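If you want the building blocks of each chain, they are given just below.
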Amino acid sequence: MAKLSAKQIKLRKAQSAVNNLTNTECANKLFATLAQNPFLCATVGISIAEILKHLKEGTFDKKAKLGNFVAFTCNDVQNRVHSMYPQDFTKPYPIEAIGAVVMQLLEHAELLKGVSAPLIPKVEHGKLTVEIKVDDNGVELTEESNEFLNKADSACNLFTAQQNFAPNFANLTMFYAQKIVDKYKA
């Protein structure tokens, strides 16, 4: 029997850990990650609000892919949040990671139909990934998305002070992350 390399052992351990995960554990981890990273949390919330707003207003180009639009929006929002709070938000997050969290919230908080972004990651090519799928023809807003947009409008309007802007969106994001935790509670 051939001896396994350190890399192979590490991959097997990662795969074993992923195989034992549940939606409940992953929802709790998502919540904790957002709670520990307020600027990531704000970036996610602002990105979701902008994506939903464009879809609602019909300003999203139907020929474009939603996944690309999400990535572009997340990048743009992260840059804006960084320029608003340069001393507090110095570490940029990978756009793929922000996009995955946005898609997970869109699906599991039931903000958008036509999106599949499992909470449980997969191990592919030695890395944890979230297998995101979008039915671009089936993308549809929900009642929950309208509620999200109403809350975003009331919490963050033209008169919101800059120091409250990101925290307001972070709080909104945490509200929906808590809904996901509650949804998958054992």
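Further up the page is the structure itself.
About the cut-offs
- Residues numbered from 1 in each chain as written.
- Predicted model: local features only at pLDDT ≥ 70, side-chain atom pairs only at ≥ 80, totals over all residues.
- Heavy atoms only, no water.
- Axes fitted to C-alpha atoms, helices over the stretch in contact; angles between N-to-C directions.
- Helix = DSSP H or I, 4+ residues; strand = E, 2+ residues; numbered from the N terminus.
- Parallel < 35°, antiparallel > 145°, perpendicular 65-115°, else oblique.
- Contact = heavy atoms within 4.5 Å.
- Nonpolar A, V, L, I, M, F, W, Y, C, P; charged D, E, K, R; others polar.
- Salt bridge = Lys/Arg side-chain N within 4 Å of Asp/Glu carboxyl O.
- Buried < 20%, exposed > 50% of the residue type's maximum accessible area, 1.4 Å probe, protein only.
- Expected span 1.5 Å × (residues − 1).
- 1 Å grid on protein atoms, 1.4 Å probe; cavity = no way out; pocket = protein on both sides within 12 Å on 5 of 7 lines; lining within 4 Å.
- Points joined across faces, edges and corners; volume = space filled by probe spheres on them.

A.B. asks: Run through the packing of helix H2 (residues 23-36) against helix H3 (residues 38-57), naming residues and quoting values.
C.D. replies: Contact geometry for H2 and H3: axes closest at 5 Å, N-to-C directions at 110°. In terms of their interaxial angle, H2 and H3 are classed as roughly perpendicular. Between H2, through Thr33, Leu34, Ala35 and Gln36, and H3, the contact on the second element is made entirely by Pro38, Leu40, Cys41 and Val44. Of the residues that constitute the contact of H2 with H3, the class distribution is six nonpolar, two polar and no charged.

A.B. asks: Pulling in residues and values, what's your account of the pattern of salt bridges?
C.D. replies: Note that side chains of opposite charge can pair when their charged atoms are close. Taken as a whole and assessed by the stated rule, the structure comprises 11 salt bridges. Between Glu110 and Lys183 there is a salt bridge whose closest N-O contact spans 3.1 Å. Of the two residues, Glu110 sits in the loop between helix H5 (95-108) and strand E1 (112-113) while Lys183 sits in helix H7 (residues 162-183), which places them 73 residues apart along the sequence. Residue classification places Glu110 among the partly exposed residues on the basis of a relative accessible area of 46%. Ionic pairing is found between Asp182 and Lys185, a salt bridge with its closest N-O pair at 3.7 Å. For Asp182, a relative accessible area of 41% translates into the label partly exposed. Residue class for Lys185 comes out exposed when judged on its relative accessible area of 57%.

A.B. asks: Could you give an account of H5, with specific residues and numbers?
C.D. replies: Helix length check: H5 (14 residues) gives 20 Å between terminal C-alpha atoms against 20 Å at 1.5 Å per residue, within 8%. Counting buried positions along H5 yields 11 of 14 residues, so the element is predominantly enclosed. Regarding H5, the residues found buried are Ile95, Ile98, Gly99, Ala100, Val101, Val102, Met103, Gln104, Leu105, Leu106 and His108. Just downstream of H5, Glu110 is the residue with a positive phi angle, here 55°.

A.B. asks: Before we move on, could you go through the layout of surface pockets and cite the residues and values that matter?
C.D. replies: Space inside the largest pocket adds up to approximately 670 Å³. Around the largest pocket, the lining is made up of 20 residues, and of these Ala97, Ala100, Val101, Gln104 and Val130 lie nearest the centre. In terms of residue count, H5 provides more of the lining of the largest pocket than any other element does, six residues in total. Taken together, the residues of the lining of the largest pocket sort by class into 14 nonpolar, three polar and three charged.

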